[in-house]
Amino acid sequence: MSEWEPTIAAYAAGLLTMGFLTVGLFFVRFWRRTGDLLFACFGIAFSLMALNQAIPVLLSIPREEQAGIYLLRLAAYAVIIAAILMKNIGDDKGSR
């Protein structure tokens, strides 16, 4: 079975969306507790990855690489890289 059935694909995308949002909420909680910008950036990145999973199903886009939705994943990875660089290069300007 090379192609997934639409129902199974939608179910899997929903599971991934829920997982990404759950992880994002944990990072937001850690950010609120510590004030460290790294956690906020990770929360934003995981929210973008959740959108990347949900939008193709909600808009009935058969292949995400055919639409600009793939750019959400790129933006999420860019946020993660920028957050790590800010944390390591800066003199701890990322936290309060």
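That block above? That's the structure.
In this report, the structure presented in the accompanying data block is examined.

Criteria and thresholds
- Residues numbered from 1 in each chain as written.
- Predicted model: local features only at pLDDT ≥ 70, side-chain atom pairs only at ≥ 80, totals over all residues.
- Heavy atoms only, no water.
- Helix = DSSP H or I, 4+ residues; strand = E, 2+ residues; numbered from the N terminus.
- Buried < 20%, exposed > 50% of the residue type's maximum accessible area, 1.4 Å probe, protein only.
- Contact = heavy atoms within 4.5 Å.
- Areas by Shrake-Rupley, 256 points an atom, 1.4 Å probe, with all protein chains shown as cover.
- Core = buried A, V, L, I, M, F, W, Y, C linked by side-chain atoms within 4.5 Å.
- Salt bridge = Lys/Arg side-chain N within 4 Å of Asp/Glu carboxyl O.

**Description of the overall build of the protein chain**
Next, step 1: Along its length, the protein chain carries three helices and zero strands.
Next, step 2: The order of α-helices and β-strands along the protein chain, N terminus first, is α-α-α.
Next, step 3: Buried residues in the protein chain amount to 29% of all 96 residues.
Next, step 4: Partitioning the intrachain contacts of the protein chain with sequence separation of at least 6 by distance along the chain shows that 57% fall at a separation of at least 24.
Next, step 5: Total accessible area on the protein chain stands at roughly 6,700 Å², and carbon and sulfur atoms take up 68% of it.

**Comments concerning the nonpolar core**
Next, step 1: The biggest cluster of nonpolar side chains holds 13 residues, and the ones touching the most others in it are Phe20, Phe42, Phe46, Met49, Ala76 and Ile80.
Next, step 2: The set of elements that each furnish at least two residues to this core consists of α1 (6-34), α2 (37-58) and α3 (70-89).
Next, step 3: A per-element tally of this core places α2 first, with eight residues.

**Re the pattern of salt bridges**
Next, step 1: Applying the stated criterion across every chain, the model contains one salt bridge.
Next, step 2: Between aspartate 36 and lysine 87 there is a salt bridge; the shortest N-O distance is 2.8 Å. Residue aspartate 36 is found in the loop between α1 and α2, and its partner lysine 87 is found in helix α3; the two are separated by 51 residues along the sequence.
Next, step 3: Given the relative accessible area of 10%, aspartate 36 is considered buried.
Next, step 4: By relative accessible area, which is 29% here, lysine 87 ends up partly exposed.

**Considering the environment of leucine 85**
Next, step 1: Mapped onto the elements, leucine 85 comes out in helix α3.
Next, step 2: Its relative accessible area of 45% is what places leucine 85 among the partly exposed residues.
Next, step 3: Residues leucine 85 and leucine 38 lie 47 residues apart in sequence; the distance between their C-alpha atoms is 9.7 Å.

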